[in-house]
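Here is what each chain is made of, one letter per residue.
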Amino acid sequence: MPKDTSIRSVLIIGSGPIIIGQACEFDYSGSQAALSLKDEGIEVSIINSNPATIMTDKVIADHVYLRPLTVDSIEQILSERKIDAVLPTMGGQTALNLCKEAEERGVWEKHGVRVIGVDVDAIEKTENREAFRQLMVDIGVGVAKSKIANSFLEGKEAAQEIGYPLVIRPSYTLGGTGGGFVHKKEDFDAALKRGLEASPTHEVLVEQAVLGWKEYELELLRDGNDNVIIICSIENFDPMGIHTGDSITVAPAMTLSDRCYQNMRNQAIRMMRAIGNFAGGCNVQFSVNPENEDIIAIEINPRVSRSSALASKATGYPIAKIASKLAIGYNLDEIENQITKTTSAYFEPTLDYVIVKVPRWNFDKFKGANMELGLQMKSVGEVMAIGRTFIEALQKACQSLEIGRSGLGADGRHNRSIDEIMYGLEHASWNRLFLIKDAMSMGVPLESIRKVTRIDKWFLAQIQELVNLEVELKRYSLNNIPRDFFFTLKQKGFSDVQIAYLLGNVTEDEVYDRRKELGIRRVYKMVDTCAAEFAAQTPYYYSTFEEENESLPSDRQKVIVLGSGPNRIGQGIEFDYSCVHGLLAAKESGFEAIMINCNPETVSTDFNMADKLYFEPVFWEHVREIIELEKPLGVIVQLGGQTALKMAEKLHEHGIRIIGTAYQDMDVAEDRGRFSDLLKELDIPYPKYGVAENAEEAIKVANEVGYPVLVRPSYVLGGQGMSIVINDEDLEKAVVKLLGDLPGNRVLIDHFLDRAEESESDSICDGEDVHIVGLMEHIEPAGIHSGDSSAVLPPFGLSDKVIQDMEAYSKKIAKALNVIGLLNIQFAVKDDKVYVIEANPRASRTVPFIAKAYDVPYINIAAKVMLGVNKLKDFKIERKLEGYAIKEPVFSFEKFPEVNKELGPEMKSTGEAIRFIKSLEDPYFRKLIKDKSMYLSK
């Protein structure tokens, strides 16, 4: 049927701050849904409390409400604005729970608002573990033996009946929070207590554990005519026992027989139809017995999920966009295929390539955390890679992770302890994939690895082939590698760095030059959803090694924006926000905007955002060849955080123009020692400091500048490796560890300004004028990482003199560093004297927050300044903030109950929320000050 014309305005509920289990994939979904509804002439309102999101930008929605995600906030919006329908399926579990609560309180009925995209009853059926189990039994879908428990006694009885090993799954939680495996009776009590406490309804499902079974996901869409299509099948590389968010996943499914797939497909469609009569999307998870292909259902999510974003990027099929159109009445055959532009959306994508998703963890931020993976999600982000084969995509994914790996092994970072390797194979953690390769390199039989890991033999055989190729490569020198063998190595995903390492005594550039001589170059293939059956219109590409290149450069002036790679602590969604605005500014300025990124959760990797998207690792070899193909005017590195910034040196060495602040000037700011020397020249106060290359030098410096001292490396993100120490012994330990973790780095020793306040500024410089974007005062004192501190805009307690000094120093430093674009400066204030701690000539974590608070498109302005198309004087900047805005960090410590939660110079927060107050007497602010006072007393 055609669009429901009675729906003229829709409210989309966002997912709130980034936490483990609910990341920026919902920013992508919400943004896509909002733009899709606006295309239909529908007025779109969005509620979300996360200022770092694109979905809360005025380029996305007609009305943005940056408010706490509560029923009270929704009631306020409904009383202010006429809303016809609410779409709660784009904001993860947070939005579904909020929708359900509003329904129970009669809010939707009171205001005449329809729930679209899902039935409220479907939420109850899928989130209530017992209701879901019974429904599956009723429709003939297999489930694991299980029993519901609402009390400790009921849980004990269920365990006795089911037997061990078993699983505890709390109801209505996110990312597996509170869940886990119990292998023996003596561990059950603690696990049950944790699960009951994690569930908001004090309910858990005690379930038979199917450890070692294979895990699969299907992404479905259904329209009002009950037509259902499968968008993508996803197979977990890791067997049951590891949360799907922590598992390596592959699409399409690699080891599934056609008979089993068809059975699974039929069951998924039956499940979706059974939970309710709604038009929208669903994610269904299954477990398959590898011995006989028996299938059991794990769960069904009647909403856009983490895997929906992955499936959209994997297939090119925009799930959230189509789901939002289905929610307002369209049928699948009435919607245009966004890729081909000539067929309808009523089709199932066909892939002639393989995608691999690898999670990204941040255990280094959670000292003492249990790093073993299980039912509770612990990863903070993910990367996706596309290749013609599984192993090519897997190697590219490893290159994308930002953990210093050049692929799957063959880079000098292998583990040679057989005991550690075998323990790591049995007890899965972040590095198990690499340990599998190390085990094979040491001669451990494939079957032995399979028995320990229970990973399918097909996957292991692919990795074994890499080991065999490495052995063969070592027989050659660079100049006598046969071309066909060299070509095979590149098709298997080997980077030039890996080949150089395996050959020995040659450099990456020498390998690159040699393969160019042999005519071995990357070609680029289009992601077209239909395996080239129909002509595609979408400029969405991945690289491989074949003969035909499908990415044909235009003759337009081009700008490349380097993305920020996987989400991790210290580098989150705010940098993707910046990249998107960089793309929009380039397009508005008449340039062809090209995006390079590898994060499937992001808006920047939506093929509609850039003129051309390369879904590739932000890894030198890949970036270099795209630049050689496209020949851009220059590359923007300022917006992609440390990932992009780290590539500035390579770009500079190869004579590639960096748009905005020059590399030499960025390097001065990044090198803590040289930057302090610059401050000395400018007569700007800074803490006493010294630079050391070993522990002995560090102790000498510390005694000169005076304890306590702040120990920190150069060129890092999120306070990595920083610590405050008070004596020689602690200093020696800190320096030895830091240089062990970051070899070749220099250590900066600062005198730590104890009991100082911390504040910061963001500014834009065009080479002549400097505009202060915002000044913020932190509630926590200096010594707590700025990303972990609550920041108030504008400052609430700083004297006029301090504010004037902050502004003056910001302008001085911007001009001294020849900044073209953005600059963030951190200050410490003690006894009314302002000290500069550090400066970052790039987009910061705080610019999106300030942009939302003042309602000024600061990143767009900065990007146009970088591109040289505008000067600051060309913009009429009007701030609209009444009162104050507060940026409050959000943590995911509940995932790591065993870690020390005390904050310090190394960042630990996973996200942030924004709150507006009219005055400093606001109860929220007074409570915040009181809660944070513990830090001031230390």
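Residues numbered from 1 in each chain as written. Predicted model: local features only at pLDDT ≥ 70, side-chain atom pairs only at ≥ 80, totals over all residues. Heavy atoms only, no water.

Time to look at the overall build of the protein chain. Within the protein chain, the regular secondary structure consists of 31 helices and 33 strands. Computed over its C-alpha atoms, the radius of gyration of the protein chain comes to 27 Å, within 12% of the 30 Å expected for a compact globule of 938 residues. Overall size of the protein chain, expressed as C-alpha extent along the three principal axes, is 75 × 75 × 65 Å. Residues classed as buried in the protein chain amount to 65% of the 938 residues present. Look at the contacts in the protein chain between residues 6 or more apart in sequence, and 70% of them connect residues 24 or more apart. (Helix = DSSP H or I, 4+ residues; strand = E, 2+ residues; numbered from the N terminus. Rg over C-alpha atoms; globule rule 2.2 N^0.38 Å. Buried < 20%, exposed > 50% of the residue type's maximum accessible area, 1.4 Å probe, protein only. Contact = heavy atoms within 4.5 Å.)

Let us now look at the confidence of the model for the protein chain. Taken as a whole, the protein chain shows an average pLDDT of 92; of its residues, 97% reach a score of 70 or greater. Low pLDDT, under 50, characterises residues 934–938; the predicted model gives this stretch 10 contacts beyond four residues in sequence or across chains. (pLDDT = per-residue confidence, 0-100.)

Ordered in space as E23-E26-E24-E25, the 4 strands form an open sheet in which the pairing is antiparallel. Because the sheet does not close on itself, it has two edges, and the strands there are strand E23 (689–692) and strand E25 (723–725). On average, each strand axis in the sheet is inclined to that of its neighbour by 25°, with strand direction left out of account. The strands touched by helix H25 (residues 672–682) within the sheet are E23, strand E24 (709–713) and strand E26 (747–751), with E23 carrying the most contacts at an inclination of about 150°. (Pairing = 2+ DSSP bridges. Axes fitted to C-alpha atoms, helices over the stretch in contact; angles between N-to-C directions.)

A word on the nonpolar core. If you look at the biggest cluster of nonpolar residues, it comprises 151 residues, and the most contacted ones within it are Ile12, Tyr317 and Val356. The element contributing the most residues to this core is helix H16 (residues 457–473), with 7 residues. Other than its neighbours up to four places away in sequence, Tyr317 contacts Leu221, Ile229, Ile231, Ser312, Ile322, Leu332, Ala345, Phe347, Pro349 and Thr529. Formed by 50 residues, the second largest nonpolar core is a distinct cluster that contains Val118, Val120, Leu256 and Ala297. (Core = buried A, V, L, I, M, F, W, Y, C linked by side-chain atoms within 4.5 Å.)

Packing of helix H20 (residues 573–588) against helix H30 (residues 858–866) brings their axes to within 8 Å, and their N-to-C directions diverge by 55°. Considering their axes alone, H20 and H30 lie oblique with respect to each other. Every pair of crossing elements has a handedness; the one defined by H20 and H30 is right-handed. Only Ile859, Asn860, Ala863 and Lys864 of H30 make contact with H20, whose side of the interface consists of Tyr577, Ser578, His581, Gly582, Leu584, Ala585 and Glu588. (Parallel < 35°, antiparallel > 145°, perpendicular 65-115°, else oblique. Left-handed = near helix turned anticlockwise from the far one by under 90°.)

A rise of 1.5 Å per residue sets the reference length of helix H3 (residues 92–104), with its 13 residues, at 18 Å; its end C-alpha atoms lie 19 Å apart and thus fit the reference within 8%. Tucked into the core, H3 has its buried residues touching strand E1 (9–13), helix H1 (25–39), helix H2 (71–80), helix H4 (107–110), strand E5 (114–115) and helix H5 (120–127). (Expected span 1.5 Å × (residues − 1).)

Summarising the element assignment, Gly883 is placed in the loop between H30 and strand E32 (884–890). Spatially, the C-alpha atoms of Gly883 and Pro794 are 8.5 Å apart, while their sequence positions differ by 89 residues. In this structure, Gly883 is in contact with Leu793, Pro794, Ile917 and Lys918, ignoring residues within four places of it in sequence.

This part covers the sheet that holds strand E11 (residues 228–236). The strand order across the open sheet built from 7 strands is E14-E13-E10-E11-E12-E15-E16, with neighbouring strands paired in antiparallel fashion. Only two strands of the sheet have a single partner each, and these edge strands are strand E14 (295–301) and strand E16 (381–387). In this sheet, neighbouring strand axes are inclined to one another by 25° on average, regardless of whether the strands run parallel or antiparallel. Pairing of strand E12 (residues 249–251) with strand E15 (residues 354–360) involves 3 bridges; the strand directions are antiparallel. Note on E15: the bridge partner recorded for Val250 is Val356. Across the sheet, helix H11 (residues 319–327) touches strand E10 (214–222), E11 and strand E13 (280–288), and the angle it forms with E10 is around 45°.

Along the chain, the position of Ile861 falls in helix H30. It is 26 Å that separates the C-alpha atoms of Ile861 and Arg67, two residues lying 794 residues apart in sequence. With residues near it in sequence (within four places) discarded, Ile861 still touches Ile764, Val856, Leu872, Phe875 and Ile877.

Where charged atoms from two side chains of opposite charge approach closely, those side chains can pair. One pass over the full model with this rule turns up 60 salt bridges. Notably, a salt bridge pairs Glu104 with Lys100, separated by 2.8 Å at the nearest N-O pair. Within this pair, Glu104 and its partner Lys100 are both found in helix H3, separated by 4 residues, close to a single helical turn. Residue class for Glu104 comes out exposed when judged on its relative accessible area of 56%. The exposure class assigned to Lys100 is buried, which follows from its relative accessible area of 13%. Ionic contacts of the salt-bridge type, sharing partners, join the residues Asp352, Arg388, Lys525, Glu546, Glu548 and Glu550 into one network. (Salt bridge = Lys/Arg side-chain N within 4 Å of Asp/Glu carboxyl O.)

Here we take up the packing of aromatic side chains. Under the criterion given, the structure shown has 18 aromatic pairs. Between Tyr524 and Tyr614 the ring centres are 5.2 Å apart and the planes differ by 75°, which places this aromatic pair in the edge-to-face class. Of the two residues, Tyr524 sits in strand E17 (residues 523–526) while Tyr614 sits in strand E21 (residues 612–615), which places them 90 residues apart along the sequence. Ring geometry for Tyr540 versus Phe615: centroids 6.2 Å apart, planes at 40°, classification tilted. On the criterion of sequence distance, the pair formed by Tyr540 in strand E18 (residues 540–544) and Phe615 in strand E21 is long-range, its members being 75 residues apart. Residue classification places Tyr540 among the buried positions, given a relative accessible area of 1%. According to the relative accessible area criterion, Phe615 is buried, its value standing at 0%. Residue placement shows Lys313 over the ring face of Tyr28; its charged tip is 4.0 Å from the ring centre. Positioned above the aromatic ring of Tyr924, the side-chain terminus of Arg915 is 4.1 Å from the ring centre. (Phe/Tyr/Trp six-rings, centres within 6.5 Å; stacked < 30°, edge-to-face > 60°. Lys NZ or Arg CZ within 6 Å of the ring centre and 35° of its normal.)

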